[in-house]
Amino acid sequence: MSKQYEMVIGLEVHVELATKTKIFCGCSTAFGGEPNTHTCPVCTGMPGSLPVLNKQVLEYAIAVGLATNCEITRNCKFDRKNYFYPDNPQNYQISQLYLPICRNGHVDIETENGIKSVRIHEIHMEEDAGKLIHDDWYDASLVDYNRSGVPLIEIVSEPDMRSAEEVIAYLETLRNTIQYLGASDCKLNEGSMRADVNLSVREVGSETFGTRTEMKNLNSFHSIMHAIKGESERQIDLLESGESVIQETRRWDDTKECSYAMRSKEDAQDYRYFPDPDLVPISVSDELIESILAKQPEMRLEKKKRYKEEFDIPEYDINIITNSKHLADLFEETVSLGAQPKKVSNWIMGETLKLLKEKEMDPEDISFSASHLADLIKMTDAKEINSTVAKEVFEKIFFEDVDPKAYVEEKGLKTENNEDLLLEVAKRVIEANPQSVTDYKSGKEKAIGFLVGQSMRELKGKADPVAVTEMLKKLMS
Amino acid sequence: MKNIIDDATIEYVGILAKLSLTEEEAEQAKTDMGKMLDYIDKLGELDTSNVEPMSHAFKVQNVFREDVVSNGDDRENILKNAPEEKDGMFVVPKTF
């Protein structure tokens with residue numbers, strides 16, 4: 001390839017807001033209910049039903065806008081986006097075209113190449129659609145409207161990203177900002193955060209944009225990375241062979257790792273937006289903005305700074321822990337219960353992340369209580385249990401949230417501190433293994449390891465290995 | 001009639017509305033739509049240079065609901081609106 005190309009990427013990110021009820025009706029937003037049990041005339045688009053805006057949706061949207069440096073549109077309204085599709089029972093989606101709630105913001109992202117600002121064009125509020133279920137054996141589709149009317153915000157960036165790494169950094173920044181605000185759990189795999197990637201390529205140095213395509217159905221960072229790589233290569237190949245890129249929507253197939261065109265040109269989109277007459281305009285007051293600002297929590301950058309000042313833990317650990325609101329909350333709560341920060345950080349960075357990775361879980365899936373981790377750390381500090389037992393107990397805490405005190409008591413895992421017993425066992429092991437004793441005495445320091453192992457076995461692993469080693473050394477000197 | 005709807009427009013509007021019109025129906029629709037647009041054009045005759053643009057018919061703003069679940073499971077009634085149901089869901093023509 002003689003020419004040098006660069007990618008130009010803009011993102012449309014949909015985020016499901018963490019409200020208890022839908023955007024325009026009092027139906028529950030809980031995930032996973034029986035089909036159509038969270039529906040009413042409003043969210044199934046029955047004639048004559050009247051939508052009323054959930055105030056929490058407006059407050060979350062403004063909170064996200066303020067946290068991403070947006071201007072808040074003081075007089076805003078909703079519009080109807082018209083299209084026919086069975087997951088959309090009204091035949092229009094209530095969205096915002098003309099006066100979106102937030103405009104002209106930016107977020108700072110950090111990659112290996114340093115800090116860069118990605119501009120946000122707008123954030124608007126809208127409703128989600130229902131879910132279509134396709135049954136291979138049945139010549140029809142089935143619709144569940146539980147998700148119909150679940151509140152979304154759509155965050156539209158400017159085409160400011162130039163690599164897959166920047167896209168991931170942007171998404172991570174949005175995700176942790178929104179999680180910190182408590183406005184959404186932002187789980188890509190469950191669809192509470194979804195990204196559409198608009199991508200074009202152009203020769204390096206060019207000021208104009210190439211023709212872009214839009215890719216949908218990207219539900220993990222992994223598929224986003226692969227889709228960006230695949231699509232940029234496809235476009236470069238087209239240009240190199242003298243063909244041109246067609247502006248179209250493409251669907252990413254995660255298993256085949258390739259994209260295919262979704263909509264043809266004949267099926268052009270014409271949404272005929274117009275103001276929704278059922279919903280009255282919104283006027284955002286200074287008081288509302290001030291009250292939301294006052295509730296804005298400590299965000300990641302401030303938290304990182306404070307951790308550096310307050311806790312003696314490595315910067316690497318701080319980066320990982322603060323990247324997830326859940327981990328940061330767990331860390332702070334455990335520390336506030338009197339556990340040593342460095343030790344809490346070790347448990348999070350070590351065993352917690354290890355188990356999350358093994359079980360392919362997100363930090364948001366952690367369900368154990370901070371008090372149980374704090375108790376475990378205190379018991380280890382007090383030498384009530386040794387580190388091997390502690391790891392075993394931690395697994396029980398991680399998966400079943402057991403109370404470590406009760407569990408250790410019940411299973412008899414307490415460290416054996418009885419000096420007489422240790423002495424007795426050590427004597428017995430020394431007597432039974434004369435060869436190891438000779439080896440040790442002739443300078444083979446390692447030979448003691450075997451004797452410690454034998455003693456620990458006799459003590460069923462419930463002793464402090466340091467104390468056992470000391471005891472053996474004393475007896476053999 | 002000042003507004004003349006051409007064949008291409010009526011075909012396009014038909015596609016958007018998911019309607020397939022016979023030739024006679026298309027001709028009738030062209031006449032009807034032309035008349036409607038003429039009628040709407042009448043509004044243009046009024047001098048509105050001193051009237052503030054408005055975005056809504058009522059002088060009401062900021063009507064909100066609190067975020068409290070107020071609807072229970074009403075699936076049985078909701079599904080009465082379905083032409084056909086299966087496994088608690090609406091049955092629709094196969095759609096991708």
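Conventions used here
- Residues numbered from 1 in each chain as written.
- Chains lettered and ligands numbered in written order.
- Predicted model: local features only at pLDDT ≥ 70, side-chain atom pairs only at ≥ 80, totals over all residues.
- Helix = DSSP H or I, 4+ residues; strand = E, 2+ residues; numbered from the N terminus.
- Rg over C-alpha atoms; globule rule 2.2 N^0.38 Å.
- Buried ≥ 20, exposed ≤ 12 C-beta atoms within 10 Å, placed from the backbone.
- Contact = placed C-beta atoms within 7 Å.
- Pairing = 2+ DSSP bridges.
- Axes fitted to C-alpha atoms, helices over the stretch in contact; angles between N-to-C directions.
- Parallel < 35°, antiparallel > 145°, perpendicular 65-115°, else oblique.
- Left-handed = near helix turned anticlockwise from the far one by under 90°.
- Nonpolar A, V, L, I, M, F, W, Y, C, P; charged D, E, K, R; others polar.
- Arc of directions from axis to C-beta.
- pLDDT = per-residue confidence, 0-100.
- Core = buried A, V, L, I, M, F, W, Y, C linked by C-beta atoms within 7 Å.
- Domains from an automatic or database assignment.

## What to know about the overall build of chain A
Move 1: Per the secondary structure count, chain A includes 15 helices and 17 strands.
Move 2: In terms of overall size, chain A is more extended than a compact globule, its C-alpha atoms giving a radius of gyration of 29 Å where 477 residues would be expected to give roughly 23 Å.
Move 3: Expressed along its principal axes, the backbone C-alpha trace of chain A runs to roughly 90 × 60 × 55 Å.
Move 4: The buried share among the 477 residues of chain A stands at 38%.
Move 5: Contacts in chain A between residues at least 24 apart in sequence constitute 69% of all its contacts with a sequence separation of at least 6.

## Quick look at the sheet that holds strand β3 (residues 71–72) of chain A
Residues and elements named next belong to chain A.
Move 1: Strand order in the open sheet formed by 9 strands is β3-β7-β8-β11-β1-β12-β13-β14-β15, with mixed pairing between adjacent strands. Here the strands that pair on one side only, and so sit at the sheet edges, are β3 and β15 (258–261).
Move 2: Sheet contacts for helix α2 (residues 164–181): β1 (5–16), β7 (102–111), β8 (114–127), β11 (151–157) and β12 (193–203); angle to β7, the most-contacted strand, approximately 115 degrees.

## Let's talk about the environment of glutamate 315 of chain A
Move 1: With respect to the helices and strands, glutamate 315 of chain A occurs in helix α6 (residues 315–322).
Move 2: Taking the C-alpha atoms as reference points, glutamate 315 of chain A and lysine 305 of chain A, 10 residues apart in sequence, are found 10.0 Å from one another.

## Section: the packing of α6 of chain A against helix α8 (residues 341–358) of chain A
Residue and element names in this part refer to chain A.
Move 1: Where α6 meets α8, the closest approach of the two axes is 11 Å, and the angle between their N-to-C directions is 70 degrees. In terms of their interaxial angle, α6 and α8 are classed as roughly perpendicular. The handedness of the crossing between α6 and α8 is left-handed. Between α6, through Asp317, Ile320 and Ile321, and α8, the contact on the second element is made entirely by Ser345, Ile348 and Met349.
Move 2: Broken down by class, the residue content of the contact of α6 with α8 amounts to 4 nonpolar, 1 polar and 1 charged.

## Remarks on the sheet that holds strand β10 (residues 141–144) of chain A
Strand-to-strand pairing in sheets goes through backbone hydrogen bonds, with the strands running parallel or antiparallel.
Move 1: The strand order across the open sheet formed by 4 strands is β9(A)-β10(A)-β3(B)-β2(B), and the pairing between neighbours is antiparallel. Sheet topology places β9 (131–134) of chain A together with β2 (85–86) of chain B at the edges, where each strand pairs with a single neighbour.
Move 2: Note that β2 of chain B and strand β3 (residues 89–92) of chain B share 2 bridges and pair antiparallel. Paired with lysine 86 of chain B across the bridge in β3 of chain B is methionine 89 of chain B.

## Quick look at the packing of helix α13 (residues 434–441) of chain A against helix α14 (residues 447–458) of chain A
Residues and elements named next belong to chain A.
Move 1: At a closest axis distance of 8 Å, the pairing of α13 and α14 adopts a crossing angle of 140 degrees. In terms of orientation, α13 lies oblique with respect to α14. Handedness of the crossing formed by α13 with α14: left-handed. Two secondary-structure elements touch here, α13 through Ser436, Asp439 and Tyr440 and α14 through Ala447, Ile448, Phe450 and Leu451.
Move 2: Here the contact of α13 with α14 is built from residues that sort into 5 nonpolar, 1 polar and 1 charged.

## With respect to the interface of chain B and chain A
Move 1: Contacts between chain B and chain A engage 34 residues on the former and 38 residues on the latter.
Move 2: Every element with two or more residues in the side of chain B that touches chain A is listed here: β1 (64–65), α3 (75–79) and β3 of chain B.
Move 3: Top element by residues in the side of chain B that touches chain A is β3 of chain B. It accounts for 4 residues.
Move 4: Here the residues of the side of chain B that touches chain A sort into 15 nonpolar, 9 polar and 10 charged.
Move 5: Two elements, β10 of chain A and β3 of chain B, share 3 bridges in a ladder whose sense is antiparallel.

## Section: the pairing of β11 of chain A
All names here are of chain A.
Move 1: Within β11, 5 of the 7 residues are buried, which leaves it mostly tucked inside the rest of the structure.
Move 2: In this sheet, β11 lies alongside β1 in antiparallel orientation, the contact comprising 5 bridges. If you follow valine 15 over to β11, its bridge partner there is isoleucine 153.
Move 3: Alignment of β8 against β11, held across 7 bridges, turns out to be antiparallel. When the sheet's bridge partners are listed, glutamate 127 is paired in β11 with proline 151.

## Here's the deal with α6 of chain A
All names here are of chain A.
Move 1: Taken together, the buried positions of α6 are occupied by Ile318, Ile321 and Thr322. End-on, the buried residues of α6 take up no more than an arc of 85 degrees, which puts them together on one face.
Move 2: Against α5 (300–310), α7 (325–336) and α8 lie the buried residues of α6.

## Describing the confidence of the model for chain B
Any residue range with low pLDDT should be treated as having predicted coordinates unsuitable for detailed reading.
Residues and elements named next belong to chain B.
Move 1: Per-residue confidence for chain B averages 91 on the pLDDT scale, and 100% of its residues sit at or above 70.
Move 2: The secondary structure element of chain B with the lowest average pLDDT is helix α1 (residues 7–16), at 90, and the one with the highest is β1, at 97.
Move 3: Scoring the predicted complex yields pTM 0.83 and, for the interface, ipTM 0.88.

## So, unusual backbone geometry
Leaving glycine aside, a negative phi is the common case for residues, and trans is the common case for peptide bonds.
All names here are of chain A.
Move 1: Even without being a glycine, glutamate 257 presents a positive backbone phi close to 55 degrees.
Move 2: Residue placement: glutamate 257 occurs in the loop between β14 (249–253) and β15.
Move 3: By the C-beta count within 10 Å, which is 12 here, glutamate 257 ends up exposed.
Move 4: Positive phi is not limited to glycine here, since lysine 460 has a value of about 55 degrees.
Move 5: As for its position among the elements, lysine 460 is in the loop between α14 and α15 (465–476).

## Some details on the pairing of strand β5 (residues 79–82) of chain A
All names here are of chain A.
Move 1: Of the pairings in the sheet, the one linking β5 to strand β16 (residues 274–275) comprises 2 bridges and is antiparallel in character. Within β16, the residue paired with aspartate 79 across the bridge is proline 275.
Move 2: Relative to strand β6 (residues 92–95), β5 is paired through 4 bridges, and the arrangement is antiparallel. Within the sheet, the bridge partner assigned to asparagine 82 lies in β6 and is tyrosine 92.

## Let's talk about the nonpolar core
All names here are of chain A.
Move 1: In terms of nonpolar packing, the biggest core is built from 68 residues, with Ala61, Val64, Tyr170 and Val197 touching the most fellow members.
Move 2: Top element by residues in this core is α2. It accounts for 9 residues.
Move 3: Look past the residues within four positions of valine 197 in its chain and what remains in contact with it is Ile9, Leu11, Met215, Leu218, Ile224, Ala227 and Ile228.
Move 4: Residues Ile313, Ile321, Ile348 and Phe398 belong to the second largest nonpolar core, which totals 28 residues.

## Quick look at the domain arrangement of chain A
All names here are of chain A.
Move 1: Structurally, chain A comprises domain 1 (5–288), domain 2 (298–411) and domain 3 (419–476).
Move 2: Placing the centre of domain 1 and that of domain 2 at their C-alpha centroids yields a distance of 34 Å.
Move 3: Listed as interface residues are 7 residues of domain 1 and, on the opposing side, 7 residues of domain 2.
Move 4: Take the side of domain 1 that touches domain 2: its biggest share by element is 4 residues, from α2.
Move 5: Here the side of domain 1 that touches domain 2 is composed, by residue class, of 2 nonpolar, 3 polar and 2 charged.

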